[in-house]
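# Close look at the chain arrangement
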Amino acid sequence: MADVHDKKTRSYNMSKIRSKNTKPEMIVRRFLHGKGFRYRLHDKKLPGKPDIVLKKYKTIIDVRGCFWHAHENCLKGDKISTPSEIVSEKRISAVERDKIKMQKWRDLGWRVIVIWADCELQPKRKKSEIREKTLQELLKKLKIANTNN
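Quick caveat: nothing in here was measured; it's all calculated off a predicted structure.

Here His 42, not a glycine, exhibits a phi torsion of approximately 45°, which is positive. With respect to the helices and strands, the residue His 42 is situated in the loop between strand 1 (40-41) and strand 2 (52-54). Within the chain, Gln 122 stands out as a residue other than glycine whose phi angle is a positive 40°. Here Gln 122 is to be found in the loop between helix 5 (117-121) and helix 6 (129-148). A relative accessible area of 14% places Gln 122 in the buried class.

On to the packing of aromatic side chains, then. Enumeration according to the criterion identifies one aromatic pair in this entry. Measuring from centroid to centroid gives 5.4 Å for Phe 37 and Tyr 57, while their planes differ by 55°, and the two rings are tilted. Residue Phe 37 is found in the loop between helix 2 (23-34) and strand 1, and its partner Tyr 57 is found in the loop between strand 2 and strand 3 (59-64); the two are separated by 20 residues along the sequence. Across this residue pair, the class does not change: Phe 37 and Tyr 57 are buried. The positively charged end of Arg 91 is found above the aromatic ring belonging to Phe 67, 4.8 Å away from the centroid.

Counting residues in hydrophobic clusters, the biggest one holds 18 residues, and the most contacted among them are Val 28, Leu 32, Ile 61 and Leu 138. Of all elements in the fold, only helix 2, strand 2, strand 3, strand 4 (111-116), helix 5 and helix 6 reach the threshold of two or more residues within this core.

Turning our eyes to something else, we now look at the sheet that holds strand 2. What the four strands build is an open sheet, ordered 1-2-3-4; its pairing is mixed. At either end of the open sheet lies a strand with only one pairing partner, and these are strand 1 and strand 4. Sheet strands touched by helix 2: strand 1, strand 2, strand 3 and strand 4. Its angle to strand 3, the strand with the most contacts, is close to 145°.

Now for the confidence of the model for the protein. Model confidence for the protein is summarised by a mean pLDDT of 85, while 83% of its residues fall at 70 or above. For the protein, helix 3 (residues 75-78) is the element with the lowest average pLDDT, namely 66, and strand 2 is the one with the highest, namely 96.

Conventions used here
Residues numbered from 1 in each chain as written. Predicted model: local features only at pLDDT ≥ 70, side-chain atom pairs only at ≥ 80, totals over all residues. Heavy atoms only, no water. Helix = DSSP H or I, 4+ residues; strand = E, 2+ residues; numbered from the N terminus. Buried < 20%, exposed > 50% of the residue type's maximum accessible area, 1.4 Å probe, protein only. Phe/Tyr/Trp six-rings, centres within 6.5 Å; stacked < 30°, edge-to-face > 60°. Lys NZ or Arg CZ within 6 Å of the ring centre and 35° of its normal. Core = buried A, V, L, I, M, F, W, Y, C linked by side-chain atoms within 4.5 Å. Pairing = 2+ DSSP bridges. Contact = heavy atoms within 4.5 Å. Axes fitted to C-alpha atoms, helices over the stretch in contact; angles between N-to-C directions. pLDDT = per-residue confidence, 0-100.

Written out as structure tokens, the structure is:
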């Protein structure tokens, strides 16, 4: 099926999709900073420049968008309303890249925590019980990581 936009419009739309400093990422960063955690952003020394790196805890937090990273069993990740080949290829390549990055990080001895933006953080809502639960679980995982060091 052909794309509903011309090439110029599609290019413009895609250019507006950010990969850094996204709203879900900012939610996690504000939470961590408020709890006293210090971290690095998009560390160039690590493969794939992970979103959030907590060196003290040897932990990487990867905040992923459900649609682009094809989150399974998720309304926004599983079901796409457009059969566009371009979108499908981008999603497939993102999933493959994620697998490679995860393996590299683990091989280097890093713990990896993946947070799914749309399902677990619900960035479009002002208040969300699911978001609070997700952030509290993240806090527990980091405390466990601290006791293991």
